[in-house]
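Residues per chain are reported as follows:
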Amino acid sequence: MRHGTRQLSGERARHGAWRLATGLVLRRHVAGFYSAVDKREGIAKAKAAGKYKGRAPTARAKSDDVLALKAKGVGPSEIARRVGIGRASVYRILADA
């Protein structure tokens, strides 16, 4: 057996593998946290400069169509299919009306 190539066995090997896996998970978690913080800061700067507008509200833009179909007696699932939005969006538009 050469110096420094000793294999770990039993409890020590499991402990080493556990420490390695835990370290990797923690590093990924911390890196994800900081990237999310950086993203929020970047969006805030862009909004302040007037360069970030956000996503266009697609479902609410179709609220007139949803209300018209509901007035005709069409059900929420069919309204969602015809208008091209999700059923939850249909319910939200109807609740707001």
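- In the nomenclature of an unreviewed UniProt entry, the chain is known as Helix-turn-helix domain-containing protein of Sediminimonas qiaohouensis.

Quick notes on helix H4 (residues 76-83)
The α-helix advances 3.6 residues per turn, and as a result positions three or four apart in sequence lie on the same side.
Thought 1: All of the buried residues along H4 are Pro-76, Ile-79, Ala-80 and Val-83. Axial view of H4: buried residues confined to an arc of 100°, hence all on one face. Across from the buried face of H4, at angles greater than 90 degrees, the exposed residues are Arg-81 and Arg-82.
Thought 2: The inward-facing, buried residues of H4 abut helix H3 (63-71) and helix H5 (87-96).
Thought 3: Positive phi shows up at Gly-84, right after H4, with a value of about 90°.

What about the UniProt feature "domain: Resolvase HTH" (unreviewed entry) in the chain?
Thought 1: On the UniProt side, "domain: Resolvase HTH" (unreviewed entry) is annotated at positions that read residues 62-96 here.
Thought 2: The span residues 62-96 is 77% helical and 0% strand by assignment, and the distance between its end C-alpha atoms comes to 13 Å.

Considering the nonpolar core
Thought 1: Among the nonpolar cores identified, the biggest contains 10 residues, and these are Ala-59, Val-66, Leu-69, Val-74, Ile-79, Ala-80, Val-83, Ile-85, Val-90 and Ile-93.
Thought 2: Every element with two or more residues in this core is listed here: H3, H4 and H5.
Thought 3: Per-element tally for this core: the top contributor is H4, with 3 residues.
Thought 4: Excluding residues that lie within four positions of it along the chain, Val-90 makes contacts with Val-66, Pro-76, Ile-79, Ala-80 and Ile-85.

Each value, and the rule that gives it
Residues numbered from 1 in each chain as written. Predicted model: local features only at pLDDT ≥ 70, side-chain atom pairs only at ≥ 80, totals over all residues. Heavy atoms only, no water. Buried < 20%, exposed > 50% of the residue type's maximum accessible area, 1.4 Å probe, protein only. Helix = DSSP H or I, 4+ residues; strand = E, 2+ residues; numbered from the N terminus. Arc of directions from axis to C-beta. Contact = heavy atoms within 4.5 Å. UniProt positions renumbered as here; feature names shortened; annotations may be inferred. Core = buried A, V, L, I, M, F, W, Y, C linked by side-chain atoms within 4.5 Å.

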